[in-house]
Amino acid sequence: MQFEGIYTPVITPYHDDFSLNEEALAKTIEHLIAAGVHGIIVAGSTGEYYAQTADERFDMMTRCKSLIAGRLPMIVGTGAIRTEDSVMFAEAAKDIGADALLVATPPYAYPTGREIALHALAVDRAANLPVMLYNYPGRMSVNMDEETLDRLGRSPNFCAIKESSGDINRLHMLARDYPHIALSCGMDDQALEFFAWGARSWVCAGSNFAPEAHIALYNACAVEGDFTKGRAIMTAMLPLMRVLEQGGKFVQCIKYGLTLRGIDAGPPRKPLQPLNKDDKRELAEVIRTMNTTISSITGQPL
């Protein structure tokens, strides 16, 4: 599988009682497809998989598969502390017809490079689907190091890596030493650098509510190769990225951004709390300014 374009880790919209808002989920999927994203990821951290039961995760896979209806690739996250649980989610994803898996480092356990590789290989054996690895040491405390990547080279299914370390040296290492594993941007404020080093995809939560802006940057850099235009678009997007990353309100901002587009994404599940009025006002203003600026650069309305 070739991962190319904008991949959206879709939110899970809730009612105020934290039950699934089925209507809002359907609207979100249609909104993303209409906007032109290139794939949808179910059970990413933006989808709050960590706050869901196994049955809820199975239900989201099935619902999203039906809603997408083959119009876009669907990637399913297998994130879990126990390898047995990741295998279970991978098997369920295969059974419902997922196109690929997102395989992250198990959190909290602090596994070695070899142990991370054995975890990922167990998931691979269970599902035999294309895999995008997910390296996020800020959440998981460990890197998918060279030992991990060398061991995973034994299976052709490991065809991409979402790199979210923020370490520019790792970007260089991956591009130079592991060209067979496609780079996918997982650190939003480094998207320009990822594209410059050959990344062909970007997994970006902000594309839930601003797919047009994210697609504009991808098109400028990866499709047109116009990095002057790309820098201008990136400059317009950086204030949004700063707002998203400040103070642990990432999921709440993504959900409220979608609510501003007329789709009621609802609250985050506990322990997270909704944005306050000042946070909402700041986010709305940053989005308005970004859209106006990017529209003037691309000549397309946002």
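Scroll up to find the structure this text is about.
Thresholds, definitions, all that
- Residues numbered from 1 in each chain as written.
- Predicted model: local features only at pLDDT ≥ 70, side-chain atom pairs only at ≥ 80, totals over all residues.
- Heavy atoms only, no water.
- Helix = DSSP H or I, 4+ residues; strand = E, 2+ residues; numbered from the N terminus.
- Contact = heavy atoms within 4.5 Å.
- Phe/Tyr/Trp six-rings, centres within 6.5 Å; stacked < 30°, edge-to-face > 60°.
- Buried < 20%, exposed > 50% of the residue type's maximum accessible area, 1.4 Å probe, protein only.
- Lys NZ or Arg CZ within 6 Å of the ring centre and 35° of its normal.
- 1 Å grid on protein atoms, 1.4 Å probe; cavity = no way out; pocket = protein on both sides within 12 Å on 5 of 7 lines; lining within 4 Å.
- Points joined across faces, edges and corners; volume = space filled by probe spheres on them.
- Nonpolar A, V, L, I, M, F, W, Y, C, P; charged D, E, K, R; others polar.
- Axes fitted to C-alpha atoms, helices over the stretch in contact; angles between N-to-C directions.
- Parallel < 35°, antiparallel > 145°, perpendicular 65-115°, else oblique.
- Left-handed = near helix turned anticlockwise from the far one by under 90°.

A. Representation of the environment of Ile33. By the element assignment, Ile33 lies in helix α1 (residues 22-35). Not counting chain neighbours up to four residues away, the residues in contact with Ile33 comprise Ile68, Arg71 and Leu72.

B. Expanded view of the packing of aromatic side chains. In total, this model carries six aromatic pairs according to the counting rule given. For the pair Phe58 and Phe89, a centre-to-centre distance of 5.6 Å together with 55° between the ring planes defines the contact as tilted. Of the two residues, Phe58 sits in helix α2 (residues 54-68) while Phe89 sits in helix α3 (residues 83-96), which places them 31 residues apart along the sequence. On the basis of relative accessible area, Phe58 is assigned to the partly exposed category, the value being 24%. Since its relative accessible area comes to 4%, Phe89 is described here as buried. Aromatic ring contacts, followed pair by pair, group Phe195, Trp202 and Tyr218 into a single cluster. In this structure, Arg57 packs its charged tip against the face of Phe89, placed 3.6 Å from the ring centre.

C. Representation of empty space enclosed by the protein within the structure. Per the stated rule, a full pass over the model turns up three cavities of 30 Å³ or more. Roughly 50 Å³ of internal volume is contained in the largest cavity. If you trace the largest cavity, you find it lined by Val10, Thr12, Val42, Ala43, Gly47, Gln52, Arg57 and Met60. A class-by-class count of the residues in the lining of the largest cavity yields four nonpolar, three polar and one charged.

D. How the structure looks around the packing of α1 against α2. Contact pair α1 / α2: the axes reach a minimum separation of 10 Å and the direction vectors enclose 45°. As the angle between them shows, α1 and α2 are arranged oblique. Crossing hand, α1 versus α2: right-handed. Facing α1, whose interface residues are Glu22, Leu25, Ala26, Ile29, Glu30 and Ile33, α2 presents Met60, Arg63, Cys64, Leu67 and Ile68. Considering only residue class, the contact of α1 with α2 consists of eight nonpolar, no polar and three charged.

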